[in-house]
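One letter stands for each residue in the lines below.
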Amino acid sequence: MHQGSGILSTRQRRLAWLGFMLAALQAPVSAWLVADESWLFSLCVALMVAIVIIADDAARRRPANATGD
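What you are looking at is a predicted structure, and each value in this text was computed from that prediction instead of being measured.

Draft legend 1. Representation of a nonpolar patch on the surface. A contiguous nonpolar surface patch, about 460 Å² in accessible area, is contributed by Val 29, Trp 32, Leu 33 and Val 34. Structurally, the position occupied by Leu 33 is in helix H1 (residues 10–33).

Draft legend 2. Local environment of the UniProt feature "transmembrane region" (unreviewed entry) in the protein chain. Taken from the UniProt record, the annotation "transmembrane region" (unreviewed entry) applies to residues 15–33 and 39–55. Measuring from the first to the last C-alpha atom of residues 15–33 gives 26 Å, for a span that is 100% helix and 0% strand. Regarding residues 39–55, the helix share stands at 100% and the strand share at 0%, and the terminal C-alpha atoms are separated by 25 Å.

Draft legend 3. Representation of the pattern of salt bridges within the structure. In total, this model carries three salt bridges according to the counting rule given. The partner of Arg 13 in a salt bridge is Asp 56, and the shortest N-O contact between them spans 2.4 Å. One end of the pair, Arg 13, is in helix H1; the other, Asp 56, is in helix H2 (residues 39–61), with 43 residues separating them in the sequence. For Asp 56, a relative accessible area of 0% puts it in the buried group. Between Asp 57 and Arg 13 there is a salt bridge, with its nearest N and O atoms 2.4 Å apart. One end of the pair, Asp 57, is in helix H2; the other, Arg 13, is in helix H1, and 44 residues separate them in sequence. Salt bridges sharing partners connect three or more residues here, namely Arg 13, Asp 56, Asp 57 and Arg 60.

What counts and how
Residues numbered from 1 in each chain as written. Predicted model: local features only at pLDDT ≥ 70, side-chain atom pairs only at ≥ 80, totals over all residues. Heavy atoms only, no water. Patch = residues over 30% accessible without salt bridge, like charges linked within 9 Å, V, L, I, M, F, W, Y side chains within 5 Å. Areas by Shrake-Rupley, 256 points an atom, 1.4 Å probe, with all protein chains shown as cover. Salt bridge = Lys/Arg side-chain N within 4 Å of Asp/Glu carboxyl O. Helix = DSSP H or I, 4+ residues; strand = E, 2+ residues; numbered from the N terminus. UniProt positions renumbered as here; feature names shortened; annotations may be inferred. Buried < 20%, exposed > 50% of the residue type's maximum accessible area, 1.4 Å probe, protein only.

Encoded structure:
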């Protein structure tokens with residue numbers, strides 16, 4: 001059974017992982033350095049990128065001949 005292709009290309013997937021890691025690592029560092037709650041923005045960006053990566057995983061695991069209902 002052939003698996004379906006995801007919504008991201010291989011290059012986009014690597015960049016999404018890089019962006020996720022950078023945003024996830026930047027949030028605690030900025031929380032430590034900055035007195036206000038602006039680090040929450042980095043956390044939200046990391047979560048949004050993680051959702052895209054999870055959606056891409058789900059699309060890749062679906063069989064190639066499955067239809068999107």
